[in-house]
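# Analysis of the macromolecular model
Now for the letters of each chain:
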Amino acid sequence: MTETYQITVDPIGAEITCREDQTILDACLRAGVWVPHSCTHGTCGTCKVEVLDGEVDHGASSAFALMDIERDEGKTLLCCATPRSDVVLEADIDADDEAPSHAVEDYAGTIVALEDVAVDTRRVIVELDRDMTFDAGQYMAWQIPATRAGGASGVTRTYSMANPPSQGRRLEFQIRRTPGGVCSDGWVFRDLAVGEQVSLAGPYGRFTVRMRRTEPAVMIAGGTGLAPIASMIKRVLQDETQADRPGPSRILLYQGARTRAALYDVELFRDLATRHPDRFVYRPCLSEEEVTPELEAQGYAAGLVTDVVAADNASLAGHVAYLCGPPAMVEAAMKTLMSRRLFPRDISREEFLDESNRHSGGLRSPLIKR
Ligand SMILES: Cc1cc2nc3c(=O)[nH]c(=O)nc-3n(C[C@H](O)[C@H](O)[C@H](O)COP(=O)(O)OP(=O)(O)OC[C@H]3O[C@@H](n4cnc5c(N)ncnc54)[C@H](O)[C@@H]3O)c2cc1C
Ligand code: FES
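The following refers to the structure shown. (Residues numbered from 1 in each chain as written. Chains lettered and ligands numbered in written order. Predicted model: local features only at pLDDT ≥ 70, side-chain atom pairs only at ≥ 80, totals over all residues. Heavy atoms only, no water.)

As summarised here, the arrangement of the five strands in space is 2-1-7-3-5, forming an open sheet in which the pairing is mixed. Among the strands making up the open sheet, the edge pair consists of strand 2 (14-19) and strand 5 (75-77). For this sheet the average axis-to-axis angle between neighbouring strands, irrespective of direction, equals 40 degrees. (Pairing = 2+ DSSP bridges. Helix = DSSP H or I, 4+ residues; strand = E, 2+ residues; numbered from the N terminus. Axes fitted to C-alpha atoms, helices over the stretch in contact; angles between N-to-C directions.)

So, in structure tokens, the structure goes:
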């Protein structure tokens, strides 16, 4: 029989039940107890807490995200830790009333559309069995069929919604192929088909657009890091439920790709820029394709997305920022924004950390708290 244990989350004193084979993060989020987390696979360290009493198994925590000395000091990563007794823990829960608060649930989905939108980039539309509420910028954990994961069950990968929260049943995902990757190369780009049933859980994450922050926002997206940012932009510009929550007064979107063949949804953002000329500016940036005067006239910029942001803006004081994409791009963008007078507290970011980062530690600036 599977044991269950009592988990007490201080300083809020919430009490929840957790199975011995369930991560404490999963139990908290399913019970509607919001605790900090980002990657949900033991890589980023965001969910680190102090165990005040009780025993946990640290599971698959990366040695980089949870060092031996921290284990000895009684720290653990909630997204990997499973209980071995009743546990009392202390989490760093901030009283942000815009933090997401939707309980995580399991959903069954049907693939209703698949489209190749750019080089190695596929748009996947999933129709859920029921409506889901989420905040723009959040993501889902996809259950990978055991047949695609070398026979292993319970293997998951995380993908961000690109649709706005007003479409809580028909979810759009933008998935990039990672050569040799179990989920992307081995399933989504191999034989995932329209009509196939998929299992998802969510919503997760707190990389969400803050509708009460009315300062102008600079948004920087690399590759499919565009997905959560697209959801945010659609939330701000298209959702009609925002009368009491104005959101950023203006959005500058910098979308980075090597070439035009790797860019997608250009027409969508151009159209939004035409319809919201005072509120939305779109800058597609090409790092490995010549930007001719003709392309320049169409709004394309030449160079790495971070270099274009730096060249366009002598100062970004008074802005907020949202960054998403590969860890190296996010790290470079942090440096650029700080050199343009933005403070870390005004910058939200999500890195698409993967299995290789779990094993190598990835790139993280000690300056920046998520
Ligand atoms: C919060 C979040 C949101 C995300 N949203 C999106 C999104 O919207 N769109 C998107 O495209 N991606 C997104 N990602 C990335 C996504 O979750 C996957 O990591 C990515 O698709 C790769 O998964 P995979 O199964 O195809 O590859 P994996 O099998 O996970 O492999 C990834 C890489 O790691 C290497 N690797 C595997 N095992 C090891 C090992 N033991 N040691 C060293 N290297 C190893 C592989 O060779 C490969 O290069 C997101 C990630 C996070 C954390
Ligand atoms: S959320 Fe637990 S380490 Fe990233």
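Our next topic: unusual backbone geometry. Along the chain, Asp 10 connects to Pro 11 via a cis peptide bond; the corresponding omega equals 10 degrees. Structurally, Pro 11 can be placed in the loop between strand 1 (4-10) and strand 2. Of note, the bond from Gly 202 into Pro 203 is cis; its omega dihedral lies within 30 degrees of zero at 0 degrees. Along the chain, Pro 203 falls in strand 13 (residues 197-204). Even without a glycine there, the phi angle at Thr 40 is positive, about 60 degrees. If you trace the backbone, Thr 40 turns up in the loop between helix 1 (24-30) and strand 3 (48-53).

For the structure shown, the criterion picks out 27 salt bridges. Close ionic contact of Arg 213 with Glu 215 constitutes a salt bridge, the shortest N to O distance being 2.6 Å. Arg 213 sits in the partly exposed class, given a relative accessible area of 28%. Judged by relative accessible area, which is 25%, Glu 215 ranks as partly exposed. Put simply, Arg 349 and Glu 331 hold a salt bridge, and the shortest N to O gap is 3.4 Å. Here Arg 349 is found in strand 19 (residues 347-351), whereas its partner Glu 331 is found in helix 8 (residues 327-339), with 18 residues between them in sequence. Here Arg 349 matches Glu 331 in class, with each residue buried. Three or more residues joined by partner-sharing salt bridges are found here, namely Glu 115, Arg 123, Glu 172, Lys 234 and Asp 265. (Salt bridge = Lys/Arg side-chain N within 4 Å of Asp/Glu carboxyl O. Buried < 20%, exposed > 50% of the residue type's maximum accessible area, 1.4 Å probe, protein only.)

With that settled, consider the packing of aromatic side chains. Overall, the coordinates contain seven aromatic pairs when judged by the stated rule. Here Trp 142 and Tyr 159 contribute two aromatic rings whose centre-to-centre distance is 5.9 Å and whose plane-to-plane angle is 85 degrees, an arrangement assigned as edge-to-face. Taken together, the positions of Trp 142 in strand 10 (residues 139-143) and Tyr 159 in strand 11 (residues 156-160) put the pair 17 residues apart, joining distant regions of the chain. Note on accessibility: Trp 142 and Tyr 159 belong to one class, buried. Between the aromatic rings of Trp 142 and Trp 187, the centroid separation amounts to 6.0 Å while the plane-to-plane angle is 80 degrees, which identifies the pairing as edge-to-face. In this pair, Trp 142 sits in strand 10 while Trp 187 sits in helix 3 (residues 184-188), placing the two residues 45 residues apart along the sequence. (Phe/Tyr/Trp six-rings, centres within 6.5 Å; stacked < 30°, edge-to-face > 60°.)

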